[in-house]
Amino acid sequence: MSSKVELEHLYSCSRYNKRTSPDEVVKLHVKVTLEGTLSARQKCNCELDIPYGDDQQAYDVYYPDSVNDDTPVFVFIHGGYWQELSKDNSGFMAETFTEAGCIVVGLGYPIAPGPAIGEIVEAVRQAVVAIFGRFIKRRIYIAGHSAGAHLAAMILSSDWSASDLQPKFAGDHIIK
């Protein structure tokens, strides 16, 4: 049986990066996503800190220059081992996507160790309900990176039958 330290090592994707050290790859990821998000906030039309849910979490929305009823919505859920990062690292692709005519949503959620994983999943479900309510009848795509990909998968595999909302996702992508 493996020790907790050995398991942490095995489950840490940054340990398998061949370009740089595990610690440096994490720092680089945080730097690139934060800088990209700050740039998008300066260059894009955006609404920041839109509250949702019971715990007053928030998401950010970045808009293309032209918005109509057919403008698709791309929801991105950040990674960070369920313990790090935030929506403030989630707008890094917004410039590119808004230039292509998409609305981008950078989703924030409560991070561990405070909430248990089930509570994190429920918070993301609440965000999806809020986002679908805000963007009724639009094509909504959901994606995530790392822990965010897990959360996106949990949302896509949710049983929504007991909910007033019956989301119909236009597409989903899990980024490894």
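Residue numbers restart at each chain and count upward from 1, following the sequence in its written direction. It should be noted that, the model being predicted, local features are given only for residues of pLDDT at least 70 and side-chain atom pairs only at 80 or more, the latter also being counted only at that level, while totals for whole chains, interfaces and linings use all residues. Excluding hydrogens and water, the side-chain values take into account all heavy atoms of the structure.

Draft legend 1. Region of the structure containing the environment of Ser86. On the secondary structure map, Ser86 appears in the loop between strand 3 (73-77) and helix 3 (94-99). Sequence-wise, Ser86 and Tyr59 are 27 residues apart; in three dimensions their C-alpha atoms are separated by 9.5 Å. In protein, a polar contact requires one atom able to donate a hydrogen and another able to accept it; more generally it is a pair of N or O atoms within 3.5 Å, and residues adjacent in sequence count only if both atoms are side-chain atoms. Here Asp88 takes part through its backbone nitrogen, which lies 3.0 Å from a polar atom of the side chain of Ser86. What counts as a helix is a DSSP run of H or I of at least four residues, what counts as a strand is a run of E of at least two, and both are numbered from the N terminus.

Draft legend 2. Representation of the packing of aromatic side chains in the model. To pair, rings of Phe, Tyr and Trp, with the six-membered ring standing in for Trp, must have centres within 6.5 Å; the planes then decide the type, stacked if under 30 degrees apart, edge-to-face if over 60, and tilted in the middle. For the structure on display, the rule yields four aromatic pairs. Ring centres of Tyr52 and Tyr59 lie 6.2 Å apart, and the angle between their planes is 35 degrees; on these two criteria the pair is classed as tilted. When sorted by exposure, Tyr52 lands in the same class as Tyr59, which is buried. Plain terms: the ring middles of Tyr81 and Trp82 are 5.8 Å apart, the flat faces sit at 45 degrees to each other, and that makes the pair tilted. Think of it in three bands: with a 1.4 Å probe and only protein chains considered, a residue is buried below 20% of the maximum accessible area for its type, exposed above 50%, and partly exposed in between. Since its relative accessible area comes to 25%, Trp82 is described here as partly exposed.

Draft legend 3. Helix 4 (residues 117-134), seen in detail. Helix span, expected: 1.5 Å multiplied by one less than the number of residues in the helix. Helix length check: helix 4 (18 residues) gives 26 Å between terminal C-alpha atoms against 26 Å at 1.5 Å per residue, within 8%. Among the residues of helix 4, those classed as buried are Ile120, Val121, Ala123, Val124, Arg125, Ala127, Val128, Ile131 and Phe132.

Draft legend 4. Representation of the pairing of strand 1 (residues 45-52). By this definition, two strands are paired if DSSP reports at least two bridges between them. Relative to strand 2 (residues 57-63), strand 1 is paired through six bridges, and the arrangement is antiparallel. Within the sheet, the bridge partner assigned to Pro51 lies in strand 2 and is Ala58. Two successive antiparallel strands, strand 1 and strand 2, enclose a turn made up of four residues, where Gly53 displays a positive phi of approximately 75 degrees.

Draft legend 5. Representation of the side chain of Glu95 within the structure. Here Glu95 is to be found in helix 3. Of the polar contacts made by the side chain of Glu95, one reaches the backbone nitrogen of Ala40; its length is 3.5 Å. For Glu95, the contacting residues outside a window of four places in its chain are Gly36, Ser39, Ala40, Lys43 and Cys44. Throughout, a residue-residue contact means that at least one pair of heavy atoms, one from each residue, lies within 4.5 Å.

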